[in-house]
Amino acid sequence: MTKEFMGEIDDLSGMIPEQLFFFRKYATLEHNGLSIRFIKYFRRGVILLISYIKGIAAYVDSEGVIVENHGIGYQIKTPSSIVEQVKSGQEVMLHTHLYVREDVLALFGFMTKQELNTFQTLLSITGIGPKVALSILSTMTVADLYYAVFSEDAKSIAKTPGIGPKGAKRMIIELKDKLKMEDITPGMEIEETAVSTSIDSSDHVADTIEAMVALGYSNGEAYRAVHGVKGAADMDSEQLLKEALKVVLTLR
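From a predicted model like this one, the values you see are computed outputs, not experimental measurements.

Caption draft 1: Fine view of the overall build of the protein. Check the secondary structure of the protein and you find 11 helices and 7 strands. Taking all 252 residues of the protein together, the buried fraction comes to 41%. Taking the intrachain contacts of the protein between residues at least 6 apart in sequence as the baseline, contacts between residues at least 24 apart amount to 53%. A total accessible area of about 14,200 Å² is found for the protein, and carbon and sulfur atoms account for 53% of it.

Caption draft 2: The arrangement of the nonpolar core in detail. Of all hydrophobic cores here, the largest spans 28 residues; its most connected members are Leu122, Leu145, Ile157 and Met171. Counting only elements with at least two residues in this core, the list comes to β7 (104-110), α3 (113-123), α4 (130-139), α5 (142-150), α6 (154-157) and α7 (165-176). Leaving out residues up to four positions away in the same chain, Met171 has contacts with Leu122, Ile125, Ile128, Ile136, Leu145, Ile157 and Ile163.

Caption draft 3: Seen up close, the packing of helix α10 (residues 219-227) against helix α11 (residues 237-250). Packing of α10 against α11 brings their axes to within 8 Å, and their N-to-C directions diverge by 110°. Regarding the angle of α10 to α11, the classification is roughly perpendicular. Touching Glu221, Ala225 and Val226 of α10 are Leu240, Ala244, Val247 and Val248, all from α11. Class assignment for the residues of the contact of α10 with α11 results in 6 nonpolar, no polar and 1 charged.

Caption draft 4: View of the side chain of His95. Within the secondary structure, His95 is located in strand β6 (residues 91-101). Since its relative accessible area comes to 13%, His95 is described here as buried.

Caption draft 5: Structural context of α4. The buried fraction of α4 is high, at 7 of 10 residues. Those residues of α4 lying buried are Pro130, Val132, Ala133, Leu134, Ser135, Ile136 and Leu137. The secondary structure elements touched by the buried residues of α4 are β5 (72-77), β6, β7, α3, α5 and α7.

Caption draft 6: Spatial organisation of the packing of aromatic side chains. Under the defined criterion, the tally for this structure stands at 3 aromatic pairs. Summarising the aromatic geometry, the rings of Tyr99 and Phe108 are spaced 6.3 Å apart at their centres and angled 90° between planes, so their arrangement reads as edge-to-face. Taking the relative accessible area as the measure of exposure, Tyr99 reaches 16% and is therefore buried. Take Phe108: its relative accessible area is 4%, and that puts it in the buried class. Centre to centre, the rings of Phe110 and Phe119 are 4.9 Å apart; their planes meet at 40°, and the pair counts as tilted.

What counts, and where the lines are drawn
Residues numbered from 1 in each chain as written. Predicted model: local features only at pLDDT ≥ 70, side-chain atom pairs only at ≥ 80, totals over all residues. Heavy atoms only, no water. Helix = DSSP H or I, 4+ residues; strand = E, 2+ residues; numbered from the N terminus. Buried < 20%, exposed > 50% of the residue type's maximum accessible area, 1.4 Å probe, protein only. Contact = heavy atoms within 4.5 Å. Areas by Shrake-Rupley, 256 points an atom, 1.4 Å probe, with all protein chains shown as cover. Core = buried A, V, L, I, M, F, W, Y, C linked by side-chain atoms within 4.5 Å. Axes fitted to C-alpha atoms, helices over the stretch in contact; angles between N-to-C directions. Parallel < 35°, antiparallel > 145°, perpendicular 65-115°, else oblique. Nonpolar A, V, L, I, M, F, W, Y, C, P; charged D, E, K, R; others polar. Phe/Tyr/Trp six-rings, centres within 6.5 Å; stacked < 30°, edge-to-face > 60°.

As far as function goes, none of this settles anything; it's purely spatial.
Below, the structure is given as structure tokens:
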């Protein structure tokens, strides 16, 4: 970090949220469990963003976690999965997003970078704010969301409080251009299978998904189960359905 760059850190006058996306360079400083990113904005000085916080969970409630780091308590809103997983007194590291508006300054935290990236992608969707984005990630995992989007399973997404059927369909349309199946990292889902993009469009895969939906499974569950079958490309519809039904039991 150059002296010239550091010398502008105190020049925060006139910063407004609408100008936060105009930047030329940044630097990241890691110290005492905090990762602070200094972002230099065009003609607007520097603003500080917290990339992650590592510390002790001092308090956990239904809305999130207060993480203590060197005598300072950071109030972080999190998905319900983190609330259920983290216990008071436990060391935790959360990847964070600083949400800035004229009347709001809030930290949102996630266990993985993938969750954080998905949260930030959701914020780019029309009509989706941080409360609804957090609600989505509390209702379904990142992998579940990806499969729901690519199988056009609006029903599963619509289970999220604050999102109706119309909102779920609109969200799917917008997210299809922003999400990529290959972005689902190992460990987020069931083991990789041989079901490729070309096989997805084959008749026996489509027939199997249709049969599972007729049995009461959602499009997302059926789509994900078929992707969880090893050697699916070499099976007929009957064999694939039997194996997919075994896989779907592990997803619930």
